[in-house]
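Structure at a glance
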Amino acid sequence: MSANSEWYEKDYYSILGVDKSASEKDIRNAYRKLAKAYHPDAHPGSEEKFKELSSAYEVLGDAKRRSEYDSFKDQSPFMPRTGGGGGGSEPGFNFKVEDLGDVFGGLFNKGRRNPTAGPQRGSDVDTSLSITFIESIEGLTTSVNVIGEAQCRTCHGTGAAPGSSPVVCARCQGSGSVNENQGFFSFSQPCPACGGRGLRVDLPCNSCQGTGTVPSNRKLNVRIPAGVEDGQRIRLKQKGGPGRNGGPSGDLYITIKVGADPRFSRRGNDLVTTSKISFPQATLGTDIVVPTLRSSVKLRVPAGTKSGQVLRAKGYGVAPSGRRITPGDLLVTIEIVIPKNLSDEQRKLVEELARILPKEV
Ligand SMILES: [Zn+2]
Ligand SMILES: [Zn+2]
(Lines give C-alpha, C1' and ligand atoms only; values in the text may rest on other atoms or scores of the structure.)
(Ligands and ions follow the chains in the order given, each with its own letter.)
Protein backbone atom coordinates (compact mmCIF):
# COMPACT_ATOMS: atom_id res chain seq x y z
CA MET A 1 0.00 0.00 0.00
CA SER A 2 1.46 3.34 -0.96
CA ALA A 3 1.57 6.15 1.55
CA ASN A 4 -0.96 7.91 -0.60
CA SER A 5 -3.67 5.30 -0.45
CA GLU A 6 -3.02 4.90 3.23
CA TRP A 7 -3.75 8.57 3.71
CA TYR A 8 -7.04 8.10 1.92
CA GLU A 9 -8.11 5.28 4.12
CA LYS A 10 -6.70 5.84 7.55
CA ASP A 11 -7.77 8.27 10.16
CA TYR A 12 -4.52 8.71 12.05
CA TYR A 13 -6.16 10.78 14.75
CA SER A 14 -8.59 8.07 15.70
CA ILE A 15 -5.83 5.45 15.48
CA LEU A 16 -3.92 7.35 18.16
CA GLY A 17 -7.15 8.17 19.96
CA VAL A 18 -6.50 11.89 19.94
CA ASP A 19 -8.48 14.90 18.91
CA LYS A 20 -7.72 16.77 15.68
CA SER A 21 -6.67 19.71 17.82
CA ALA A 22 -4.35 17.64 19.99
CA SER A 23 -1.01 19.23 20.86
CA GLU A 24 2.30 17.72 19.83
CA LYS A 25 2.76 16.57 23.38
CA ASP A 26 -0.67 14.91 23.54
CA ILE A 27 0.12 13.04 20.35
CA ARG A 28 3.51 11.93 21.60
CA ASN A 29 2.08 10.74 24.89
CA ALA A 30 -0.80 8.91 23.24
CA TYR A 31 1.60 7.19 20.89
CA ARG A 32 3.98 6.16 23.68
CA LYS A 33 1.19 4.71 25.74
CA LEU A 34 -0.32 2.77 22.85
CA ALA A 35 3.03 1.63 21.48
CA LYS A 36 3.83 0.16 24.85
CA ALA A 37 0.47 -1.54 25.07
CA TYR A 38 0.82 -3.08 21.62
CA HIS A 39 4.52 -3.74 21.38
CA PRO A 40 4.89 -7.04 19.53
CA ASP A 41 7.81 -8.14 21.73
CA ALA A 42 5.58 -8.14 24.74
CA HIS A 43 2.31 -8.89 23.00
CA PRO A 44 2.73 -11.34 20.12
CA GLY A 45 0.07 -10.99 17.46
CA SER A 46 -0.20 -7.24 17.77
CA GLU A 47 2.25 -6.50 14.94
CA GLU A 48 -0.40 -5.09 12.63
CA LYS A 49 -1.75 -2.75 15.25
CA PHE A 50 1.74 -1.69 16.19
CA LYS A 51 2.58 -0.95 12.59
CA GLU A 52 -0.58 1.11 12.25
CA LEU A 53 0.34 3.12 15.33
CA SER A 54 3.82 3.75 14.01
CA SER A 55 2.65 4.99 10.64
CA ALA A 56 0.09 7.25 12.32
CA TYR A 57 2.78 8.70 14.55
CA GLU A 58 5.22 9.09 11.69
CA VAL A 59 2.80 11.56 10.17
CA LEU A 60 1.11 13.22 13.16
CA GLY A 61 4.36 13.37 15.13
CA ASP A 62 5.96 15.52 12.46
CA ALA A 63 4.50 19.03 12.32
CA LYS A 64 5.09 19.43 8.60
CA ARG A 65 3.71 16.06 7.59
CA ARG A 66 0.81 16.53 9.95
CA SER A 67 -0.26 19.76 8.29
CA GLU A 68 0.11 18.10 4.89
CA TYR A 69 -2.06 15.28 6.10
CA ASP A 70 -4.66 17.68 7.51
CA SER A 71 -4.98 19.62 4.29
CA PHE A 72 -5.02 16.38 2.34
CA LYS A 73 -7.93 15.16 4.43
CA ASP A 74 -9.73 18.46 4.01
CA GLN A 75 -9.85 18.13 0.28
CA SER A 76 -9.11 14.56 -0.38
CA PRO A 77 -9.95 12.46 -3.36
CA PHE A 78 -11.60 9.39 -2.01
CA MET A 79 -10.80 5.84 -2.94
CA PRO A 80 -12.97 4.63 -5.78
CA ARG A 81 -16.16 2.98 -4.70
CA THR A 82 -15.77 -0.76 -4.79
CA GLY A 83 -17.46 -1.39 -8.10
CA GLY A 84 -20.72 -3.17 -8.76
CA GLY A 85 -21.54 -5.89 -6.28
CA GLY A 86 -20.76 -3.77 -3.26
CA GLY A 87 -20.67 -5.87 -0.12
CA GLY A 88 -23.10 -3.47 1.48
CA SER A 89 -20.44 -1.43 3.15
CA GLU A 90 -21.00 2.16 2.19
CA PRO A 91 -17.75 4.09 2.26
CA GLY A 92 -17.35 6.13 5.39
CA PHE A 93 -17.69 9.51 3.78
CA ASN A 94 -21.45 9.32 3.65
CA PHE A 95 -21.57 9.17 7.39
CA LYS A 96 -22.17 12.47 9.09
CA VAL A 97 -21.47 12.99 12.72
CA GLU A 98 -24.27 15.52 12.89
CA ASP A 99 -26.73 12.79 12.03
CA LEU A 100 -25.76 10.87 15.10
CA GLY A 101 -26.11 14.00 17.16
CA ASP A 102 -29.61 14.40 15.85
CA VAL A 103 -30.52 10.85 16.73
CA PHE A 104 -29.27 11.15 20.25
CA GLY A 105 -30.55 14.65 20.60
CA GLY A 106 -34.01 13.41 19.77
CA LEU A 107 -33.85 10.35 21.96
CA PHE A 108 -32.40 11.83 25.05
CA ASN A 109 -33.98 15.17 24.85
CA LYS A 110 -32.80 17.20 27.76
CA GLY A 111 -34.12 20.59 26.89
CA ARG A 112 -32.08 20.45 23.68
CA ARG A 113 -33.60 22.43 20.88
CA ASN A 114 -34.64 20.55 17.83
CA PRO A 115 -31.62 20.92 15.54
CA THR A 116 -33.85 21.80 12.60
CA ALA A 117 -34.83 24.99 14.37
CA GLY A 118 -31.26 26.24 14.78
CA PRO A 119 -28.65 26.63 12.08
CA GLN A 120 -28.99 23.78 9.63
CA ARG A 121 -26.25 22.42 7.45
CA GLY A 122 -26.97 22.40 3.73
CA SER A 123 -27.29 19.19 1.79
CA ASP A 124 -24.36 17.43 0.14
CA VAL A 125 -24.39 17.59 -3.62
CA ASP A 126 -23.04 14.99 -6.02
CA THR A 127 -21.76 15.73 -9.46
CA SER A 128 -19.40 14.09 -11.91
CA LEU A 129 -16.62 15.27 -14.15
CA SER A 130 -15.22 13.57 -17.24
CA ILE A 131 -11.54 14.18 -17.93
CA THR A 132 -9.03 12.75 -20.36
CA PHE A 133 -6.38 10.22 -19.43
CA ILE A 134 -3.60 12.81 -19.67
CA GLU A 135 -5.56 15.24 -17.50
CA SER A 136 -5.98 12.56 -14.85
CA ILE A 137 -2.24 12.01 -14.78
CA GLU A 138 -1.23 15.67 -14.78
CA GLY A 139 -4.12 17.23 -12.88
CA LEU A 140 -6.01 20.27 -14.11
CA THR A 141 -8.05 23.26 -13.11
CA THR A 142 -11.47 23.25 -14.66
CA SER A 143 -15.03 24.23 -13.93
CA VAL A 144 -17.88 21.94 -12.99
CA ASN A 145 -21.58 22.57 -13.31
CA VAL A 146 -23.36 22.15 -10.03
CA ILE A 147 -27.08 21.70 -10.13
CA GLY A 148 -28.59 22.17 -6.73
CA GLU A 149 -30.21 24.73 -4.52
CA ALA A 150 -29.17 28.25 -3.69
CA GLN A 151 -30.46 30.68 -1.17
CA CYS A 152 -33.44 32.63 -2.52
CA ARG A 153 -32.30 36.17 -3.31
CA THR A 154 -35.71 37.71 -2.91
CA CYS A 155 -36.14 36.73 0.73
CA HIS A 156 -32.49 35.98 1.57
CA GLY A 157 -33.48 32.50 2.61
CA THR A 158 -36.09 33.43 5.16
CA GLY A 159 -38.99 32.26 3.01
CA ALA A 160 -41.00 35.34 3.91
CA ALA A 161 -42.29 37.78 1.30
CA PRO A 162 -40.37 41.09 1.10
CA GLY A 163 -41.60 43.49 3.75
CA SER A 164 -42.63 40.69 6.06
CA SER A 165 -40.54 38.42 8.20
CA PRO A 166 -40.99 35.01 9.73
CA VAL A 167 -42.54 34.99 13.17
CA VAL A 168 -41.71 32.73 16.05
CA CYS A 169 -43.95 29.70 16.05
CA ALA A 170 -46.49 29.93 18.87
CA ARG A 171 -46.87 26.19 19.29
CA CYS A 172 -43.24 25.38 20.03
CA GLN A 173 -42.10 28.85 21.07
CA GLY A 174 -39.44 28.71 18.41
CA SER A 175 -37.73 25.57 19.64
CA GLY A 176 -38.91 23.60 16.61
CA SER A 177 -39.82 20.60 18.66
CA VAL A 178 -42.58 19.53 20.99
CA ASN A 179 -42.18 17.12 23.86
CA GLU A 180 -44.30 14.14 24.51
CA ASN A 181 -44.05 12.43 27.86
CA GLN A 182 -44.21 8.68 27.87
CA GLY A 183 -43.75 7.46 31.41
CA PHE A 184 -40.14 7.83 32.32
CA PHE A 185 -38.98 9.27 29.03
CA SER A 186 -39.67 12.51 27.34
CA PHE A 187 -39.64 12.18 23.58
CA SER A 188 -39.18 15.11 21.34
CA GLN A 189 -40.82 15.46 17.94
CA PRO A 190 -40.55 18.08 15.25
CA CYS A 191 -43.19 20.70 15.81
CA PRO A 192 -46.16 19.93 13.51
CA ALA A 193 -47.15 23.58 13.29
CA CYS A 194 -43.92 24.88 11.79
CA GLY A 195 -42.41 21.67 10.46
CA GLY A 196 -39.55 21.94 12.95
CA ARG A 197 -38.26 25.32 11.79
CA GLY A 198 -39.29 27.17 14.90
CA LEU A 199 -40.49 29.96 12.65
CA ARG A 200 -43.69 30.44 10.76
CA VAL A 201 -44.07 32.36 7.53
CA ASP A 202 -47.43 34.04 7.12
CA LEU A 203 -46.74 35.63 3.74
CA PRO A 204 -44.60 33.20 1.73
CA CYS A 205 -42.04 34.66 -0.64
CA ASN A 206 -43.22 34.38 -4.25
CA SER A 207 -39.86 33.46 -5.71
CA CYS A 208 -39.33 30.39 -3.56
CA GLN A 209 -42.86 29.59 -2.32
CA GLY A 210 -41.64 30.08 1.21
CA THR A 211 -38.94 27.42 1.11
CA GLY A 212 -36.07 29.93 1.21
CA THR A 213 -34.18 28.15 -1.55
CA VAL A 214 -34.37 28.15 -5.33
CA PRO A 215 -32.97 25.70 -7.90
CA SER A 216 -29.63 26.90 -9.14
CA ASN A 217 -27.06 26.03 -11.74
CA ARG A 218 -23.63 27.15 -10.68
CA LYS A 219 -20.24 26.96 -12.30
CA LEU A 220 -17.43 26.22 -9.89
CA ASN A 221 -13.72 26.23 -10.50
CA VAL A 222 -12.03 23.13 -9.16
CA ARG A 223 -8.48 21.95 -9.00
CA ILE A 224 -8.22 18.25 -9.82
CA PRO A 225 -4.98 16.87 -8.36
CA ALA A 226 -2.52 14.97 -10.52
CA GLY A 227 -2.88 11.22 -10.36
CA VAL A 228 -6.63 10.89 -9.79
CA GLU A 229 -8.10 7.58 -10.77
CA ASP A 230 -11.30 6.69 -12.52
CA GLY A 231 -14.15 6.55 -10.03
CA GLN A 232 -12.43 8.60 -7.35
CA ARG A 233 -14.55 11.12 -5.48
CA ILE A 234 -13.25 14.55 -4.60
CA ARG A 235 -14.85 16.51 -1.82
CA LEU A 236 -15.08 20.29 -1.86
CA LYS A 237 -15.94 21.44 1.60
CA GLN A 238 -19.00 23.66 1.89
CA LYS A 239 -19.56 23.90 -1.85
CA GLY A 240 -22.81 21.94 -1.69
CA GLY A 241 -26.33 23.10 -0.89
CA PRO A 242 -26.77 26.27 1.19
CA GLY A 243 -27.36 26.00 4.92
CA ARG A 244 -30.47 27.34 6.62
CA ASN A 245 -30.79 29.74 9.48
CA GLY A 246 -27.12 30.63 9.20
CA GLY A 247 -25.92 27.03 9.04
CA PRO A 248 -22.92 26.04 6.90
CA SER A 249 -23.27 24.81 3.34
CA GLY A 250 -23.09 21.11 2.59
CA ASP A 251 -20.20 19.56 0.72
CA LEU A 252 -19.81 18.96 -2.98
CA TYR A 253 -18.65 15.53 -4.14
CA ILE A 254 -17.21 15.21 -7.62
CA THR A 255 -16.91 11.73 -9.09
CA ILE A 256 -14.09 11.63 -11.62
CA LYS A 257 -14.52 9.73 -14.85
CA VAL A 258 -11.28 9.15 -16.72
CA GLY A 259 -11.32 8.48 -20.47
CA ALA A 260 -9.24 5.73 -22.07
CA ASP A 261 -5.97 6.42 -23.87
CA PRO A 262 -4.93 4.58 -27.04
CA ARG A 263 -1.29 4.27 -25.95
CA PHE A 264 -1.27 3.97 -22.19
CA SER A 265 -3.13 2.27 -19.43
CA ARG A 266 -2.51 2.55 -15.75
CA ARG A 267 -1.58 0.14 -12.99
CA GLY A 268 -1.39 1.99 -9.70
CA ASN A 269 1.15 4.73 -10.35
CA ASP A 270 2.78 2.86 -13.22
CA LEU A 271 1.92 3.55 -16.83
CA VAL A 272 1.74 0.56 -19.10
CA THR A 273 2.36 0.50 -22.84
CA THR A 274 3.47 -1.86 -25.60
CA SER A 275 6.33 -1.55 -28.07
CA LYS A 276 6.79 -3.64 -31.20
CA ILE A 277 10.19 -4.78 -32.43
CA SER A 278 11.34 -7.18 -35.14
CA PHE A 279 12.79 -10.63 -34.65
CA PRO A 280 16.35 -9.54 -35.55
CA GLN A 281 16.10 -6.58 -33.19
CA ALA A 282 15.06 -8.87 -30.36
CA THR A 283 17.81 -11.31 -31.17
CA LEU A 284 20.62 -8.79 -31.54
CA GLY A 285 19.40 -6.16 -29.09
CA THR A 286 18.45 -2.62 -30.07
CA ASP A 287 17.57 0.84 -28.82
CA ILE A 288 13.91 1.82 -29.04
CA VAL A 289 12.21 5.17 -28.56
CA VAL A 290 9.05 4.83 -26.52
CA PRO A 291 6.48 7.62 -26.25
CA THR A 292 5.88 8.99 -22.76
CA LEU A 293 2.91 11.18 -21.90
CA ARG A 294 4.48 14.37 -23.18
CA SER A 295 7.60 13.30 -25.04
CA SER A 296 9.58 10.10 -25.40
CA VAL A 297 12.29 8.05 -23.76
CA LYS A 298 15.04 5.87 -25.21
CA LEU A 299 15.27 2.32 -23.90
CA ARG A 300 17.84 -0.39 -24.47
CA VAL A 301 16.37 -3.73 -25.50
CA PRO A 302 18.98 -6.33 -24.55
CA ALA A 303 19.95 -9.06 -27.00
CA GLY A 304 17.83 -12.17 -26.62
CA THR A 305 14.69 -10.35 -25.42
CA LYS A 306 11.57 -12.48 -25.51
CA SER A 307 8.12 -11.39 -26.59
CA GLY A 308 6.15 -10.27 -23.55
CA GLN A 309 9.21 -9.18 -21.62
CA VAL A 310 8.71 -5.91 -19.75
CA LEU A 311 11.19 -3.04 -19.76
CA ARG A 312 10.99 -0.33 -17.15
CA ALA A 313 11.59 3.39 -17.64
CA LYS A 314 12.02 4.54 -14.09
CA GLY A 315 10.12 7.62 -13.02
CA TYR A 316 8.14 8.03 -16.23
CA GLY A 317 4.87 6.98 -14.60
CA VAL A 318 2.30 8.88 -12.58
CA ALA A 319 3.42 11.45 -10.01
CA PRO A 320 0.45 12.20 -7.73
CA SER A 321 0.04 15.82 -6.59
CA GLY A 322 1.73 17.37 -3.68
CA ARG A 323 2.71 14.27 -1.72
CA ARG A 324 6.07 12.82 -1.02
CA ILE A 325 5.54 9.82 -3.20
CA THR A 326 8.04 8.42 -5.64
CA PRO A 327 6.53 8.66 -9.12
CA GLY A 328 5.61 5.41 -10.80
CA ASP A 329 7.43 3.91 -13.78
CA LEU A 330 6.62 3.40 -17.42
CA LEU A 331 6.35 -0.33 -18.09
CA VAL A 332 6.96 -1.28 -21.71
CA THR A 333 5.86 -4.72 -22.83
CA ILE A 334 7.92 -5.88 -25.80
CA GLU A 335 6.02 -7.47 -28.62
CA ILE A 336 8.03 -9.24 -31.31
CA VAL A 337 6.43 -8.94 -34.70
CA ILE A 338 6.61 -12.01 -36.91
CA PRO A 339 6.33 -10.89 -40.55
CA LYS A 340 3.60 -12.47 -42.63
CA ASN A 341 4.41 -11.59 -46.21
CA LEU A 342 8.05 -12.05 -47.02
CA SER A 343 9.74 -10.98 -50.21
CA ASP A 344 11.71 -13.64 -52.05
CA GLU A 345 14.96 -12.30 -50.68
CA GLN A 346 13.67 -12.21 -47.11
CA ARG A 347 12.31 -15.73 -47.39
CA LYS A 348 15.65 -17.00 -48.70
CA LEU A 349 17.52 -15.42 -45.80
CA VAL A 350 15.13 -16.74 -43.17
CA GLU A 351 15.37 -20.21 -44.70
CA GLU A 352 19.13 -19.89 -44.57
CA LEU A 353 18.94 -18.85 -40.94
CA ALA A 354 16.60 -21.72 -40.13
CA ARG A 355 19.10 -24.12 -41.67
CA ILE A 356 21.99 -23.01 -39.52
CA LEU A 357 20.16 -22.24 -36.26
CA PRO A 358 19.92 -25.06 -33.75
CA LYS A 359 16.37 -26.46 -33.65
CA GLU A 360 14.87 -25.63 -30.31
CA VAL A 361 11.68 -27.08 -29.02
ZN1 LIG B 1 -43.35 25.23 15.90
ZN1 LIG C 1 -37.73 33.44 -1.26
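Residues numbered from 1 in each chain as written. Chains lettered and ligands numbered in written order. Predicted model: local features only at pLDDT ≥ 70, side-chain atom pairs only at ≥ 80, totals over all residues. Heavy atoms only, no water.

With that settled, the discussion passes to the packing of aromatic side chains. For the structure on display, the rule yields three aromatic pairs. The interplanar angle of 45° and the centroid separation of 6.2 Å between the aromatic rings of Tyr13 and Tyr69 together place this pair among those described as tilted. On the criterion of sequence distance, the pair formed by Tyr13 in helix α2 (residues 12-16) and Tyr69 in helix α5 (residues 63-74) is long-range, its members being 56 residues apart. Between the aromatic rings of Tyr31 and Tyr57, the centroid separation amounts to 4.1 Å while the plane-to-plane angle is 0°, which identifies the pairing as stacked. Here Tyr31 is found in helix α3 (residues 24-37), whereas its partner Tyr57 is found in helix α4 (residues 47-60), with 26 residues between them in sequence. On the basis of relative accessibility, which here comes to 22%, the residue Tyr57 falls in the partly exposed class. One aromatic cluster is present, built from ring pairs that chain together Tyr12, Tyr13 and Tyr69. Cation over ring: Arg233 sits above Tyr253, and NZ or CZ is 4.5 Å from the ring centre. (Phe/Tyr/Trp six-rings, centres within 6.5 Å; stacked < 30°, edge-to-face > 60°. Helix = DSSP H or I, 4+ residues; strand = E, 2+ residues; numbered from the N terminus. Buried < 20%, exposed > 50% of the residue type's maximum accessible area, 1.4 Å probe, protein only. Lys NZ or Arg CZ within 6 Å of the ring centre and 35° of its normal.)

Surrounding the zinc ion (ligand 2) are the protein donor atoms Cys152 (SG), Cys155 (SG), Cys205 (SG) and Cys208 (SG), which sit 2.2 to 2.4 Å from the metal. Considering all four donor atoms around the zinc ion (ligand 2), the spread of angles at the metal, 103 to 115°, places the coordination shape in the tetrahedral class. Read in sequence order, the donor residues for the zinc ion (ligand 2) give the motif C-x2-C-x49-C-x2-C. Pair noted here: Cys155 is in the loop between β3 (140-151) and β4 (167-168) and Cys205 is in the loop between β7 (199-200) and β8 (213-224), with a separation of 50 residues, a long-range link. (Donors = N, O, S within 2.8 Å, 3.2 Å for Na, K, Ca; no water. Tetrahedral: all angles 85-135°; square planar, octahedral: opposite > 155°, others 65-115°.)

What follows covers the side chain of Ser216. Its location among the elements puts Ser216 in strand β8. Residue class for Ser216 comes out buried when judged on its relative accessible area of 14%. Residues within four places of Ser216 in sequence aside, it is in contact with Val146, Ile147, Gly148, Glu149 and Ala150. (Contact = heavy atoms within 4.5 Å.)

Bringing the sheet that holds strand β11 (residues 265-267) into the picture now. Pairing is mixed across the open sheet formed by four strands, whose spatial order is β11-β12-β16-β15. Both edges of this open sheet fall to β11 and β15 (310-313), since each of them pairs with a single strand only. Put simply, the sheet's adjacent strands are angled 40° from each other on average, direction ignored. Pairing of β11 with strand β12 (residues 270-278) involves three bridges; the strand directions are antiparallel. (Pairing = 2+ DSSP bridges. Axes fitted to C-alpha atoms, helices over the stretch in contact; angles between N-to-C directions.)

Here we come to a nonpolar patch on the surface. On the surface, Phe279, Leu353, Ile356 and Leu357 cluster together to form a nonpolar patch covering roughly 360 Å² of accessible area. With respect to the helices and strands, the residue Phe279 is situated in helix α8 (residues 279-284). Given the relative accessible area of 39%, Phe279 is considered partly exposed. (Patch = residues over 30% accessible without salt bridge, like charges linked within 9 Å, V, L, I, M, F, W, Y side chains within 5 Å. Areas by Shrake-Rupley, 256 points an atom, 1.4 Å probe, with all protein chains shown as cover. Salt bridge = Lys/Arg side-chain N within 4 Å of Asp/Glu carboxyl O.)

The terminal C-alpha atoms of α3 lie 20 Å apart, and with 14 residues this matches the ideal 20 Å at 1.5 Å per residue to within 8%. Among all positions in α3, only Ile27, Ala30, Tyr31 and Ala35 are buried. Each buried residue of α3 lies within a common arc of 125° when the element is viewed along its axis, so the set occupies one face. Projecting away from the buried face of α3 at angles above 90 degrees are the exposed residues Lys25, Arg32, Lys33 and Lys36. (Expected span 1.5 Å × (residues − 1). Arc of directions from axis to C-beta.)

With distances of 2.3 Å, the protein atoms coordinating the zinc ion (ligand 1) are Cys169 (SG), Cys172 (SG), Cys191 (SG) and Cys194 (SG). Each of the four donor atoms around the zinc ion (ligand 1) contributes to a set of angles spanning 102 to 116°, which defines the coordination as tetrahedral. We note that the donor set of the zinc ion (ligand 1) lies within a single chain, spaced as C-x2-C-x18-C-x2-C. Across the pair, exposure class does not vary: Cys169 and Cys172 are buried alike.

Before going further, it helps to spend a moment on the pairing of strand β2 (residues 125-131). Only one face of β2 is buried, namely the one carrying Val125, Thr127, Leu129 and Ile131, since none of Asp126, Ser128 and Ser130 on the opposite face is buried. One ladder, built from seven bridges, connects β2 with strand β10 (residues 252-258); its direction is parallel. Residue pairing across strands places Ser128 opposite Thr255, the latter belonging to β10.

Time to look at the UniProt feature "binding site: Zn(2+) 1" (unreviewed entry) in the protein chain. Here, the residues flagged by UniProt with the feature "binding site: Zn(2+) 1" (unreviewed entry) are Cys152, Cys155, Cys205 and Cys208. Spatial clustering of the annotated residues is evident: they stretch over 57 residues in sequence, but the largest pairwise C-alpha distance comes to 9.0 Å. (UniProt positions renumbered as here; feature names shortened; annotations may be inferred.)

Turning our attention to the nonpolar core. Formed by 36 residues in total, the largest nonpolar core has its most connected members in Ile224 and Ile256. The residue makeup of this core includes at least three contributed by each of domain 2 (97-259) and domain 3 (265-356). Residues within four places of Ile224 in sequence aside, it is in contact with Leu129, Ile131, Gly139, Leu140, Thr142, Ile234 and Ile256. Within the second largest apolar cluster, 18 residues are counted, among which are Ile15, Val18, Ala35 and Leu53. (Core = buried A, V, L, I, M, F, W, Y, C linked by side-chain atoms within 4.5 Å. Domains from an automatic or database assignment.)

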